[in-house]
Amino acid sequence: PNAVAPPPSAGHWPGQQNWCWNWVKHKGCKEVIASMNWHDAQERTAGLNFAPHFAVAPLEPMQNPALCEGYALGATVVAAEAEVAAASVWLASQVAVYIVSLPSETERRTFMTSRMAELGIAFEFLPGVDLREKGAYAQAKLDGVIPMEFDFQRADANG
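Residues numbered from 1 in each chain as written. Predicted model: local features only at pLDDT ≥ 70, side-chain atom pairs only at ≥ 80, totals over all residues. Heavy atoms only, no water.

Student: I tried to follow the packing of aromatic side chains on my own but got confused; where do I start?
Tutor: Here a ring pair, both rings aromatic, is described through the centre-centre distance and the interplanar angle of the planes. Going through the model one piece at a time under the given rule, you end up with four aromatic pairs. For the ring pair W21 and W38, a centre distance of 5.0 Å and an interplane angle of 45 degrees mean the geometry is tilted. Here W21 is found in helix α1 (residues 19-30), whereas its partner W38 is found in helix α2 (residues 38-47), with 17 residues between them in sequence. The interplanar angle of 90 degrees and the centroid separation of 5.1 Å between the aromatic rings of F123 and F125 together place this pair among those described as edge-to-face. Lying over the aromatic face of F125, R109 brings its terminal NZ or CZ to 4.4 Å of the ring centre. (Phe/Tyr/Trp six-rings, centres within 6.5 Å; stacked < 30°, edge-to-face > 60°. Helix = DSSP H or I, 4+ residues; strand = E, 2+ residues; numbered from the N terminus. Lys NZ or Arg CZ within 6 Å of the ring centre and 35° of its normal.)

Now the structure itself:
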C-alpha cells in the first residue's frame, strides 16, 4: 500500500495516525462545509486516492451510520416567523446548550461564539480535558470527569 500524507488539518489531531480517516473528515466535511453524508465523503476522498472506497473498507463514524445517510435529514426547513419565534422561546426556556472545547482551541471558540450569536442561542463553554497531557487521564478519573470504572483499552479495542 502507498503511504498517504496527512491532510492540512492533521495538526489539530496530533497522534491520530489514520490519515485515511482524517482525509475523509477533511475532504468530505471541512472542505464542503458538512454538505455530504459520510458514505459520499469517503467515496469523494477515495476518488482522490486518499482513502479506500467504501466497498473495500468502510470507515464508519458511528454504530448506526444509516441515521446520518439521508440528505433530507439536514435540509433547511422554511418555517413561518411565528413558528421560529415560538421555537426560540421554547429552546431558551427548556434547553441548556454547552460546548465542550479545550481552552487552547481559540479558533474553534471564536467560530462557535459567532455561530451561536447568529442563531440567537445562549450557550456556555465547558473546558475540555486534553488527555494527551501526561497524567491528565488519571487526574480526570480522580476528578470524576471520567468514571473510575471506564476502561480505555476496552473502549479502544471496540472502536
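Student: Help me out: how do you make sense of the confidence of the model for the protein in this one?
Tutor: Detailed reading of the predicted model is not advised wherever pLDDT is low. Of all residues in the protein, 89% attain a pLDDT of 70 or more, and the chain-wide mean is 85. Helix α3 (residues 81-94) holds the highest mean pLDDT among the elements of the protein, 95, whereas helix α6 (residues 152-157) holds the lowest, 80. (pLDDT = per-residue confidence, 0-100.)

Student: Help me out: how do you make sense of α1 in this one?
Tutor: Helical periodicity: at 3.6 residues per turn, an α-helix aligns residues three or four positions apart in one direction. Listing the buried residues of α1 in full gives W19, N22, W23, V24, H26, K27 and G28. Along its buried surface, α1 packs onto α2. (Buried < 20%, exposed > 50% of the residue type's maximum accessible area, 1.4 Å probe, protein only. Contact = heavy atoms within 4.5 Å.)

Student: Help me understand the pattern of salt bridges in this model?
Tutor: If charged atoms from side chains of opposite charge come close, those side chains can pair. Scanning all chains against the criterion turns up four salt bridges. Note that E118 is salt-bridged to R115, the shortest N-O span being 2.9 Å. Placement of both E118 and R115 in helix α4 (residues 106-119) is noted, with a separation of three residues, approximately one turn of the helix. Of the residues examined, E118 reaches a relative accessible area of 57% and is grouped as exposed. (Salt bridge = Lys/Arg side-chain N within 4 Å of Asp/Glu carboxyl O.)

Student: Got a minute to help me understand α3 in this structure?
Tutor: The first and last C-alpha atoms of α3 sit 20 Å apart over 14 residues, in line with the 20 Å expected at 1.5 Å per residue. Taken across its 14 residues, α3 has zero buried, putting it largely on the surface. (Expected span 1.5 Å × (residues − 1).)

Student: Where do I start with unusual backbone geometry in this structure?
Tutor: Where the residue is not glycine, phi is negative for most of them; where a peptide bond is considered, it is trans in most cases. With a phi close to 65 degrees, N49 is a non-glycine residue in the positive phi region. Secondary-structure assignment places N49 in the loop between α2 and α3. Under the relative-accessibility criterion, N49 is labelled exposed at 65%.

Student: How should the packing of α1 against α2 be read in this particular structure?
Tutor: When two helices pack together, you describe them by how their axes are tilted relative to each other and by the distance separating the axes. The interhelical angle for the contact between α1 and α2, taken along N-to-C directions, is 105 degrees, at an axis separation of 8 Å. Relative to α2, α1 is oriented roughly perpendicular. Taking contact as the criterion, the partners of W21, W23, V24, K25, K27 and G28 in α1 are, on α2, W38, A41, Q42, R44 and T45. Within the contact of α1 with α2, the residues separate by chemical class into five nonpolar, three polar and three charged. (Axes fitted to C-alpha atoms, helices over the stretch in contact; angles between N-to-C directions. Parallel < 35°, antiparallel > 145°, perpendicular 65-115°, else oblique. Nonpolar A, V, L, I, M, F, W, Y, C, P; charged D, E, K, R; others polar.)

Student: Could you clarify how one ought to interpret the side chain of N37 in this entry?
Tutor: Tracing the backbone through its elements, the reader meets N37 in the loop between α1 and α2. We classify N37 as buried; its relative accessible area is 7%. Of note is the side chain of N37, whose polar atom sits 2.8 Å from the backbone oxygen of E69. Apart from the residues within four sequence positions on either side, N37 is in contact with C68, E69 and Y71. (Polar contact = N/O pair within 3.5 Å; in protein donor to acceptor, adjacent residues only side chain to side chain.)

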